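Residues per chain, in single letters:
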Amino acid sequence: GAGVSQTPSNKVTEKGKYVELRCDPISGHTALYWYRQSLGQGPEFLIYFQGTGAADDSGLPNDRFFAVRPEGSVSTLKIQRTERGDSAVYLCASSLFGGATTGELFFGEGSRLTVL
Amino acid sequence: EDKVVQSPLSLVVHEGDTVTLNCSYEVTNFRSLLWYKQEKKAPTFLFMLTSSGIEKKSGRLSSILDKKELFSILNITATQTGDSAVYLCAVVLSQGNLIFGKGTKLSVKP
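Calculation rules
- Residues numbered from 1 in each chain as written.
- Chains lettered and ligands numbered in written order.
- Predicted model: local features only at pLDDT ≥ 70, side-chain atom pairs only at ≥ 80, totals over all residues.
- Heavy atoms only, no water.
- Helix = DSSP H or I, 4+ residues; strand = E, 2+ residues; numbered from the N terminus.
- Rg over C-alpha atoms; globule rule 2.2 N^0.38 Å.
- Buried < 20%, exposed > 50% of the residue type's maximum accessible area, 1.4 Å probe, protein only.
- Contact = heavy atoms within 4.5 Å.
- Areas by Shrake-Rupley, 256 points an atom, 1.4 Å probe, with all protein chains shown as cover.
- Lys, Arg positive; Asp, Glu negative; His and termini not counted.
- Charge placed at Lys NZ, Arg CZ, Asp CG, Glu CD.
- Pairing = 2+ DSSP bridges.
- Axes fitted to C-alpha atoms, helices over the stretch in contact; angles between N-to-C directions.
- Core = buried A, V, L, I, M, F, W, Y, C linked by side-chain atoms within 4.5 Å.
- Polar contact = N/O pair within 3.5 Å; in protein donor to acceptor, adjacent residues only side chain to side chain.

Novice: Looking at this model, I keep getting lost on the overall build of chain B. Mind explaining?
Specialist: Broken down by element type, chain B carries zero helices and eleven strands. Start at the N end of chain B and walk to the C end: the helices and strands fall as β-β-β-β-β-β-β-β-β-β-β. Relative to its length of 110 residues, chain B is compact, with a C-alpha radius of gyration of 13 Å against a globular reference of 13 Å. The C-alpha extent of chain B, read off along each of the three principal axes, is 40 × 25 × 20 Å. Looking at chain B as a whole, 45% of its 110 residues qualify as buried. For chain B, restricting intrachain contacts to residue pairs at least 6 apart in sequence, the fraction spanning at least 24 positions comes to 54%. Of the roughly 5,400 Å² of accessible surface on chain B, a fraction of 49% belongs to carbon and sulfur atoms. Separation of charge centres in chain B, based on 13 positive and 10 negative side chains, amounts to 5 Å.

Structure, rendered in C-alpha cells:
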C-alpha cells in the first residue's frame, strides 16, 4: 500500500479481554516499530522488528504483551487480559532500513484502544 | 537510562512570531536525531540530523544539532496557524531503536 495501515482504528474492549492490533507496513520496508502513546505523552517504544525477528522487545511492559511478524511484512500486536491502563493509541511505523542505518520512520494513523 | 527531554512542554504564540523548540538527550549509543510534527494521529517527518553544526532547513523550519552539548533546536519563523501541532524529538540509537521525548505542544493564535 501507499502508507502504513493499521486496523482497527478504534477498539473498545472490556477489562480482561484479549485484543489484536494489526499493522501493514509500506511494501519493502524491513524495519517495523510499535509504539504506545497516551494523552499528552510522546510515543513510548514497545518493540522493533528487523525482518521477521524482534531486534529489540525491551519496551514491552509485561508478558501480557506480545508481537509477531511471521513473514517479515504484516505485524500483529497481541494484548492478553487487558487492563484499563492499557488504554492508549498504539502506533506502528516502518522504515526502509533499520539498525544502524535507521532513517525516517513512516507512521500509521494508530489504533485507539479503550479498555473499560 | 536513555532519555530525551523536550522544552517547553507547551507554547502559545501569535501568527508571525518566531519560536525555538528545544530537545536535549542523554543516551548511551547515539546514532541520529529526528524531528516529527504530530497534528492529529500520525507523526510526520521533518528532519534527520546526524552531524553537529549543520543546519537543516525546509521553508520556515530549520534545525541544528550539537553533539557536544547533547541538544537540538527546531526553529519556526513567521509562524502560521497551520504550524499548531505537537513537535516530537526522537533519538535513534545504534541498535535501531528510537526514544521519543514528550513533545512540545505549539499553539499559534491568529
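Picking up after the structure, the text goes on.
Novice: I would appreciate a short explanation of the sheet that holds strand β7 (residues 61-66) of chain B in the present structure.
Specialist: Hydrogen bonds along the backbone pair up the strands of a sheet, which may run parallel or antiparallel. All names here are of chain B. Taken together, the five strands give an open sheet; going across it, the order is β1-β3-β8-β7-β6, and neighbouring strands pair in antiparallel fashion. Two strands lie at the open edges of the sheet, namely β1 (3-7) and β6 (56-58), each paired on one side alone. Averaged over all adjacent pairs, the angle separating strand axes in this sheet is 15 degrees, with direction ignored. Pairing geometry for β1 and strand β3 (residues 19-26), over five bridges, is antiparallel. Looking across to β3, one finds that Gln 6 is bridged to Cys 23.

Novice: Sorry if this is basic, but what is going on with the nonpolar core here?
Specialist: Looking at soluble globular proteins, one finds that nonpolar side chains tend to be buried together. Core analysis: the biggest nonpolar cluster contains 23 residues, and Val4(B), Tyr25(B), Leu33(B), Trp35(B), Tyr87(B), Val91(B) and Leu106(B) have the highest contact counts within it. Of all the secondary-structure elements, those providing two or more residues to this core are β3, β4 (30-38), β5 (44-49), β7, β8 (71-76), β9 (85-93) and β11 (104-109) of chain B. The greatest single-element share of this core, amounting to five residues, is contributed by β9(B). In this structure, Val19(A), Ala67(A), Leu77(A) and Leu113(A) belong to the second largest nonpolar core, which totals 20 residues.

Novice: Help me out: how do you make sense of the side chain of Arg64(A) in this one?
Specialist: Residues and elements named next belong to chain A. Tracing the backbone shows Arg 64 in the loop between β6 (53-56) and β7 (65-68). At 3.2 Å, the side chain of Arg 64 and the backbone oxygen of Arg 81 are in polar contact. Apart from residues no more than four positions distant in its own chain, Arg 64 is found in contact with Lys 78, Ile 79, Gln 80, Arg 81, Thr 82, Glu 83 and Asp 86.

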